[in-house]
Amino acid sequence: MAKFDIKETYLRFLRDDPDITMPVAAIEALVQLLSETETSTSAELIQTLKEASAELKTSVDNSMSLSAGCDLFMRFVLRNIREYGDWEACKGHLVKNGRLFAERSKAARKTISEKGLAFVRDDDVILVHSFSRTVLALLEHAAKNLVRFRVFVTEAAPSDQGKRMAKALRERGIPVSLIVDNAVGSVIDEVSKVFCGAEGVAESGGVINHVGSYQIAVLAKNANKPFYVVTESHKFVRIFPLAQADLPDTKKMFHFTVEEPEEQNADKGLSPVVDFTPHDYITALITDLGVLTPSGVSEELIKMWYE
Amino acid sequence: MSSQNRGDREIDIFVEQFISQLKRRQLSGSHAVALATAQLLLRFVSAARWNHIDSLVKDIRALGVRLVQTAPKEIACRNIVSRVLTLIREEQHGHKAENGGLSGSMLGLLEKNDKKEEVLDKAALRQANRDIRPYIIEGIQDLIDEVANIEENIAKMSVDEIHDNQIILTPTPASETVLLFLLKAARKRNFTVLVTEGFPNQIDAAHNMVEKLTKAGVEAIIIPDAAVYAVMSKVGRVIMGTSTVLANGGCLSSAGSALVCATATQHSTPVVVLTAIYKLSPVYPFDVPSMIEIGSSAQVADYSDSEIVEGFQVFNPLADYVPPEDIQIYNTNIGEFSPAFIYRIVLDHYSDAGNL
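With an unreviewed UniProt entry as reference, chain B is termed Translation initiation factor eIF2B subunit beta, source organism Yarrowia lipolytica. Recorded in UniProt under Sequence similarities (unreviewed entry), the annotation for chain B is "Belongs to the eIF-2B alpha/beta/delta subunits family." If you open the UniProt record of chain B and go to Subcellular location (unreviewed entry), you find "Cytoplasm, Cytosol".

Taking an unreviewed UniProt entry as the reference, chain A is identified by name as Translation initiation factor eIF2B subunit alpha belonging to Yarrowia lipolytica. As stated in UniProt under Sequence similarities (unreviewed entry), the record for chain A gives "Belongs to the eIF-2B alpha/beta/delta subunits family."

Each helix and strand in chain B was counted, giving 15 helices and 10 strands. Taking all 356 residues of chain B together, 47% fall into the buried category. Residue pairs in contact within chain B that sit at least 24 positions apart in sequence constitute 80% of those at least 6 positions apart.

Right, let's get into the sheet that holds strand β5 (residues 244-245) of chain B. Residues and elements named next belong to chain B. Read from one edge of the open sheet, 3 strands run β5-β6-β8, paired in antiparallel fashion. Only two strands of the sheet have a single partner each, and these edge strands are β5 and β8 (319-322). In the sheet, strand β6 (residues 251-254) pairs with β8 via 4 bridges, with the strands oriented antiparallel. The partner of L252 across the bridge, within β8, is Y321. Strand contacts of helix α12 (residues 257-266): β6 and β8, with the helix running at about 30° to β8, the strand carrying the most contacts.

Another point: the sheet that holds strand β9 (residues 329-332) of chain B. All names here are of chain B. Ordered by their spatial adjacency, 7 strands build an open sheet running β3-β2-β1-β4-β7-β9-β10, and the pairing between neighbours is mixed. Each edge of the sheet is formed by a strand with only one pairing partner; in this case those strands are β3 (219-223) and β10 (335-337). Put simply, the sheet's adjacent strands are angled 25° from each other on average, direction ignored. Summarising the sheet, strand β1 (residues 167-170) and strand β4 (residues 237-240) pair through 2 bridges and their orientation is parallel. Directly across from L169, in β4, lies its bridge partner V238. Seen against the sheet, α12 touches β1, β2 (192-196), β4 and β7 (271-275) and runs at an angle of roughly 155° to β4.

On to unusual backbone geometry, then. A cis amide bond links A:A157 with the next residue in sequence, A:P158, at an omega value of 0°. Residue placement: A:P158 occurs in the loop between β2 (150-154) and α8 (161-171). Residue B:P200 is reached from B:F199 by a cis peptide bond, and omega for that bond is -5°. In this fold, B:P200 is placed in the loop between β2 and α10 (203-215). Its identity as a non-glycine residue notwithstanding, A:L146 has a phi of 65°, on the positive side. Among the structural elements, A:L146 can be located in the loop between α7 (133-144) and β2.

Moving on to the domain arrangement of chain A. A common way to state how big an interface is: give the accessible area lost once the parts meet. Residues and elements named next belong to chain A. Each assigned domain of chain A is listed here: domain 1 (4-107) and domain 2 (119-304). Domain 1 and domain 2 are separated by 27 Å when their C-alpha centres are compared. Facing 20 residues of domain 1, the contacting portion of domain 2 comprises 13 residues. With both sides pooled, the region where domain 1 packs onto domain 2 buries about 1,400 Å², and carbon together with sulfur makes up 59% of that total. Area buried by domain 1 at its contact with domain 2 is led by T21, N62 and M64, which between them contribute 40% of it. Taken together, the connections running from domain 1 to domain 2 amount to 0 salt bridges. Between domain 1 and domain 2 we count 5 residue pairs in polar contact (both at pLDDT 80 or more) in total. Broken down by secondary-structure element, the contributors of at least two residues to the side of domain 1 that touches domain 2 are α2 (22-36) and α4 (64-84). In terms of residues, the side of domain 1 that touches domain 2 owes the most to one element, α4, which gives 9 residues. Each residue belonging to the side of domain 1 that touches domain 2 can be placed in one class, and the counts come to 8 nonpolar, 7 polar and 5 charged.

Moving on, we come to the packing of aromatic side chains. Applying the stated rule across the entire model yields 7 aromatic pairs over all chains. Between B:F337 and B:F341, the aromatic rings sit 5.7 Å apart at their centres with planes inclined by 15°, giving stacked as the arrangement. When its relative accessible area of 15% is taken as the criterion, B:F337 is described as buried. Feature note: the residues A:F119, A:F195, A:Y228, B:Y284 and B:F286 constitute an aromatic cluster, connected by ring pairs. Cation over ring: A:R12 sits above A:F13, and NZ or CZ is 5.7 Å from the ring centre. When the ring centre of A:F131 is taken as origin, the NZ or CZ atom of A:R164, which lies over that ring, is 3.7 Å away.

So, how was this worked out
Residue positions are given per chain, counted from 1 along the sequence in the order it is written. All chains are assigned letters beginning with A, and all ligands numbers beginning with 1, in the order in which they are written. Only residues with pLDDT of at least 70 are given local features in this predicted model, and only at 80 or more are side-chain atom pairs given and counted; all residues enter the totals for whole chains, interfaces and linings. The basis for every side-chain value is the complete set of heavy atoms in the structure, and neither hydrogens nor water enter the calculation. UniProt positions are given in the numbering used here, feature names are shortened, and annotations may be inferred rather than shown by experiment. Strands are runs of DSSP state E lasting at least two residues, helices are runs of H or I lasting at least four, and both sets are numbered from the N terminus onward. Burial classification: accessible surface area is computed with a 1.4 Å probe over protein chains only, and a residue below 20% of its type maximum counts as buried, one above 50% as exposed, and the rest as partly exposed. The contact criterion used throughout is that any non-hydrogen atoms of two residues lie within 4.5 Å. Pairing between strands is defined by DSSP: at least two bridges between them are needed. Inter-axis angles, ranging from 0 to 180 degrees, are taken between N-to-C directions of lines fitted to C-alpha atoms, where helices are fitted over the stretch in contact. An automatic or database domain assignment supplies the residue ranges for each domain. Buried area: the accessible area, evaluated with a 1.4 Å probe, that two parts lose upon being put together, summed over both parts. Here a salt bridge means any side-chain nitrogen of Lys or Arg lying within 4 Å of a carboxyl oxygen belonging to Asp or Glu. Any pair of nitrogen or oxygen atoms within 3.5 Å is treated as a polar contact; in protein, a donor-acceptor pairing is required on top of that, and neighbouring residues in sequence qualify only through side-chain atoms on both sides. Any residue outside Ala, Val, Leu, Ile, Met, Phe, Trp, Tyr, Cys, Pro, Asp, Glu, Lys and Arg is labelled polar, Gly included; the first ten of those are nonpolar and the last four are charged. Side-chain rings of Phe, Tyr and Trp, where Trp is taken by its six-membered ring, are said to pair if the distance between their centres is within 6.5 Å; with planes under 30 degrees apart they count as stacked, over 60 as edge-to-face, and otherwise as tilted. In this analysis the charged atom, NZ for Lys or CZ for Arg, is taken to sit over a ring once it is within 6 Å of the ring centre and within 35 degrees of the ring normal.

Structure (structure tokens):
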């Protein structure tokens, strides 16, 4: 049998279902691994899973989000082995219900839009940064409930995911003004609140998200506008970054040079793809567990790991 | 049959009376409103007839919506109705909502709960068939006791909160809770209280508070509202009451308190808010102006002064919204909490079943 390629499996899940989040794809990949490997002892099994998630975390760029899924899954497995002792039944449940997790995570988005509905009010002008499925779900739900609001969407360079967001919102009948990232400061006074998604939520309650979120949060705080993070709880990660440099993925050195690069956009490729917004800038997190203050995140994580 | 009809009529009359009292503001202030609402619901549940618990819940919810429409700014009224609905839901399922009202934990994504739910549903069905009226009534009685005996529990902390020779400032002279708190501390501590005048609505209350404090041997001084910034550098602690604590950790308090709290934050002076749990509300301050009641302008400009009345618009807001950033701690009857933790206590006390 060929060696199971966890990275390829993970990427395949992401490709096949555009609605799936990175942590859920990671969980699905680990479940797939379980179903394809025979393990005789629980220790061997834990070892296999540990190796696979370590491989996944190191081989994929921007692994913060998927590591939330790996950790959640490991925790679940360990808990079931240690506390209930019926690992076999649990494995059966996991393998059998592989697709169920993806469905549940989509259901989480629905819960979020219900819990967050009251945050979208008539006449609001909402600033959205980059593309986020949770924010999209929430705004779509609000529009369906006949809330009339308008949205500024940032282009979100270098990925230009904002254009995708603007298109998706317009398709749902929501009036959108697409602005360049540099224009946030000039529109912030018109904005009533800021929504953004998250790739991962750190234990402090700060979020890791598409690059540019941090500067928008700083502007929002300066202008006294609420900054809400709309995210699923399976993106909570046990990391505690204190500064941008603490993110594993921004460790690569910036490239300073006096030479003009030959290719036109060569510099663009070197800029970080995510940044970290510290908890001080976040008004609240709208999650499937309820509306939490940033300090609520650590409480949920502690509950999961120590109870 | 006829006696039952009479029972229905009696409760209807009682409800109408209650509503007109709310409308005329004969009933006002969060404590009085909370107590009266709980007593009304007690009578309502005792008098109600229902085949299935859902119809009772429906009736109470309808009543709640009516009360809230009558007095949208008396949030204590809404809180009590929500608490009672949550309580009925808990009785119905025979257990406290798991995970303190949160809709699951992070591991919920992976857990197999379909089977468990089914079992629960069966248990719920059995529970629903038993007569839970006595349990509901008992629960409401407990709630009434909680509301009635609240001040004692809050005042317990007063000696720890106030040091000897400290200068305390309070912007809410009308608050009974603050008065009791200070009086309790006065038995063991020697301190000075500055009371803001609270023009125009609270002048009488301020005089009243200072009089009572002075009688108890506390040095109490009334200061004009404009002097708050000037004295803040000498103040050791701001202690205030509130009418409603909101789910984001902010609160509504008497007009002028937002200014005091902002000034205190500027001077790094701690702000302590005294509150009972029944004042905690699941409401978020999305639309602050709609939560603030506007009082009579005659307090500011006399109607007999025709020049002013004709020439100006006069506003007299009765309340202020204090944002969570300006509050250090909430001192409640069940302990002390930071504003960032308030959402959790709200989730513990209210479930989705309590939504009106």
